[in-house]
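Topology and contacts: notes
For reference, the chains in residue letters:
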Amino acid sequence: MAYAHTFDANPHWLPRQKPDSLAHIPGEKGLPIIGNTLRLLRDPEKFGREMIAKYGQVYRNRALGGTSVILLGADANELVLFDRDRLFSSEQGWGPILNLLFPRGLMLMDFDQHRADRKTLSVAFKPEPMKHYATQLDAGIASAVAAWGGNLQVYKAVKQLSLDLAATSFLGVELGEEADRINQAFVDEVQASVSPIRAPLPGTSMRKGVKARQYLIDWFEREIPARRESSEDGNRQDFFSQFCRAKDENGQPLSTQAIADHMNFLMMAAHDTITSSATSMVMRLVRHPEWQERLREEVMGLDKSVPLTEQLDRLTLTDYAFKETLRMLPPVPSIPRRAVRDFSFGGYDIPAGTNVGISVMHVHYLPEHWPDPQTFDPMRFTPEASKGRHRFAWVPYGGGAHMCLGLHFAQMQIKLLMANLLSRYRIEADAGAGATWQVFPIPRPKDGLPVRMVPLQ
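Conventions we followed
Residues numbered from 1 in each chain as written. Predicted model: local features only at pLDDT ≥ 70, side-chain atom pairs only at ≥ 80, totals over all residues. Heavy atoms only, no water. Helix = DSSP H or I, 4+ residues; strand = E, 2+ residues; numbered from the N terminus. Buried < 20%, exposed > 50% of the residue type's maximum accessible area, 1.4 Å probe, protein only. Contact = heavy atoms within 4.5 Å. Areas by Shrake-Rupley, 256 points an atom, 1.4 Å probe, with all protein chains shown as cover. Lys, Arg positive; Asp, Glu negative; His and termini not counted. Charge placed at Lys NZ, Arg CZ, Asp CG, Glu CD. Pairing = 2+ DSSP bridges. Phe/Tyr/Trp six-rings, centres within 6.5 Å; stacked < 30°, edge-to-face > 60°. Salt bridge = Lys/Arg side-chain N within 4 Å of Asp/Glu carboxyl O. Axes fitted to C-alpha atoms, helices over the stretch in contact; angles between N-to-C directions. Left-handed = near helix turned anticlockwise from the far one by under 90°. Nonpolar A, V, L, I, M, F, W, Y, C, P; charged D, E, K, R; others polar. Expected span 1.5 Å × (residues − 1). Arc of directions from axis to C-beta.

Description of the overall build of the protein
A count of helical and extended segments in the protein gives 17 helices and 13 strands. Projected onto its principal axes, the C-alpha positions of the protein cover 65 × 55 × 45 Å. Here the protein holds 457 residues, and 55% of them are scored as buried. A fraction of 73% describes how many contacts in the protein between residues 6 or more apart in sequence connect residues 24 or more apart. Only carbon and sulfur atoms are counted for the fraction: they give 54% of the accessible area of the protein, which is about 20200 Å². Taking the 53 positively charged and 52 negatively charged side chains of the protein as two groups, their mean positions are separated by 4 Å.

Here is the structure:
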């Protein structure tokens, strides 16, 4: 089968731990075959609370095809994400979940290989390309938002917008008739990542996701030769063109496979995480109209004679509100790794080969870092309020060497979106809008977050 080479563990991966090697760590196996997968996916917050109450902040859990040891708290985040001693593999952590769908993406690389590819790809996030993206993003957002008056499903609208923006900034093309198919392919890949059935058997969401990946890789690979040729003059500033002309530390261009794999991963990451975060922020502003008005006043106070793209650093309250949004509902609620050496934490010795997970969502609600954590309070992120807070108490972008490469791009896109939205509309919704969310693989409201976009007089 075409997928067999990606389904099997890579040769350098450590073997899985035998079940009895983790018997000293409290936890449970759950149901046969699927473990606690269904409980976890049904209500991850409730499941986490129950496990913590029963077992503490270090516990063993079986879900999504394997057994993991969960480490909770800001110190755990620092140990795993900062990874001073190179104890943890991101490739082997994400691999069992994503290896069929996003192999060789930046998140599935470790240490020297990760550093080298990250450095090569970072050319697309330098100041000059970012200015180009900002101009394109602002034009695209303004055009789309102008048509958003009346009743609107926020998640659906932002998802389509984010795909269109990704086509412009990432691919540098108008997708046209293929837009819907490409959009659905990314949806299928992400949904497959949390499929209870981990093999791509006929009729499963994993099979659907694997086929979607193949479609996307074929599309990228068809485009690369022409893009390499057209990129020689360096005028094209989209991500795809820059990757096609990027050179590694030895002065060699990235391979066709590397470009296709990185584009597949980065398009997914930008598309789905931005959609989730923007929808979540709109929900917070609907529920807290006083903050919606404060951000609107900030936007309206910008200099109309200066392009919006040159004033984003003045949107201080918008920045605080976005950070608080990410605290309350991070787009990546948990982060997996695999230990490559024995280590100890929380009074437990944990052997090499153990799947290890940290919960971003859990630490974002710890009262010792976040007083009254259920309250939406953007002022937590003022310099004064942030002083002395554990640096790994807020980790929506991850941390350490694997800190999100596109975090500044995401912040820029959110500020442009909010400025265009709030300068045009007052956003209203019924009390129950956005009441329940599907948290994994990336959070989204089950009702799509229906709102009313009321034009400002």
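Regarding the pairing of strand β13 (residues 450–455)
As paired elements, strand β5 (residues 150–153) and β13 share four bridges and run antiparallel to each other. Within β13, the position partnered with Asn151 by the bridge is Arg452. Two strands pair when backbone bridges link them, and strand β10 (residues 425–428) and β13 are joined in this way by four bridges, in the antiparallel orientation. Its bridge partner being in β13, Arg426 is matched across the sheet by Val454.

Details of the sheet that holds strand β6 (residues 334–339)
Read from one edge of the open sheet, six strands run β1-β2-β3-β9-β6-β4, paired in mixed fashion. What marks the edges here is a single partner per strand, and that holds for β1 (27–28) and β4 (88–89). Here six bridges tie strand β2 (residues 58–63) to strand β3 (residues 66–71), and the two strands are oriented antiparallel to one another. Its bridge partner being in β3, Val58 is matched across the sheet by Leu71.

Examining the packing of aromatic side chains
Taken as a whole and judged by the stated rule, the model has 13 aromatic pairs. Ring plane angle 80° and centroid distance 5.0 Å describe the contact between Phe88 and Phe343, whose orientation is recorded as edge-to-face. Of this pair, Phe88 sits in strand β4 while Phe343 is found in strand β7 (residues 343–345), placing the two residues 255 residues apart along the sequence. The buried category is assigned to Phe343, whose relative accessible area is 8%. Ring centres of Trp370 and Phe381 lie 5.6 Å apart, and the angle between their planes is 40°; this geometry places the pair in the tilted category. Residue Trp370 is located in the loop between α15 (360–363) and α16 (383–386), and its partner Phe381 is located in the loop between α15 and α16; the two are separated by eleven residues in the primary sequence. A residue is classified by how much of its surface remains accessible, and Phe381, at 8% relative accessible area, is buried.

Observations regarding the side chain of Arg337
With respect to the secondary-structure elements, Arg337 resides in strand β6. No salt bridge is formed by the buried Arg337. Its closest oppositely charged neighbour is Asp83, at 6.2 Å. What Arg337 contacts, discounting residues up to four positions off in sequence, is Val80, Leu81, Phe88, Ser89, Ser90, Gly93, Trp94, Thr354, Asn355, Val356 and His402.

Some remarks on the sheet that holds β10
Sheet strands associate in pairs through backbone hydrogen bonding, adopting either a parallel or an antiparallel arrangement. Spatially, three strands are ordered β5-β13-β10 in an open sheet, and the strand pairing comes out antiparallel. Pairing within the sheet leaves two strands with one partner each, and these edge strands are β5 and β10. Taking each pair of neighbouring strands and ignoring which way they run, the sheet shows an average axis angle of 30°. Those strands touched by helix α8 (residues 154–171) are β5 and β13, and its axis lies near 75° from that of β5.

So, the packing of α8 against helix α12 (residues 256–287)
Taken N-terminus to C-terminus, the directions of α8 and α12 make an angle of 145°; their axes are 9 Å apart at the nearest point. Crossing handedness for the pair α8 and α12: right-handed. Residues Val154, Tyr155, Val158, Lys159, Ser162, Leu163, Ala166, Phe170 and Leu171 of α8 lie in contact with α12, whose contacting residues are Met263, Leu266, Met267, Ala270, His271, Asp272, Ile274, Thr275, Ala278, Thr279 and Val282. A breakdown of the residues in the contact of α8 with α12 according to their chemical character gives 14 nonpolar, four polar and two charged.

What to know about helix α3 (residues 44–55)
Taking 1.5 Å of rise per residue, twelve residues should cover 16 Å, and α3 covers 16 Å from first to last C-alpha, within 8% of that figure. Of the positions making up α3, those classed as buried are Pro44, Phe47, Gly48, Met51 and Tyr55. In a view along the axis of α3, the buried residues occupy a sector of 100°, so they form one face of it. Every exposed residue of α3 that faces more than 90 degrees away from the buried side is listed here: Arg49 and Ala53. In the core, the buried residues of α3 are packed alongside β1, α2 (37–42) and β2.

Considerations on the pattern of salt bridges
Evaluated as defined, the whole model comprises 18 salt bridges. The residue Glu249 makes a salt bridge to Lys119 at a minimum N-O spacing of 4.0 Å. With Glu249 in the loop between α11 (239–245) and α12 and Lys119 in helix α6 (residues 111–121), this pair connects stretches of sequence that are 130 residues apart. Take Lys119: its relative accessible area is 55%, and that puts it in the exposed class. A salt bridge links Arg227 to Asp238; the nearest nitrogen and oxygen atoms lie 3.1 Å apart. With Arg227 in helix α10 (residues 205–230) and Asp238 in the loop between α10 and α11, this residue pair connects regions lying eleven residues apart in the sequence. Side by side, Arg227 and Asp238 carry an identical accessibility label, which is buried.

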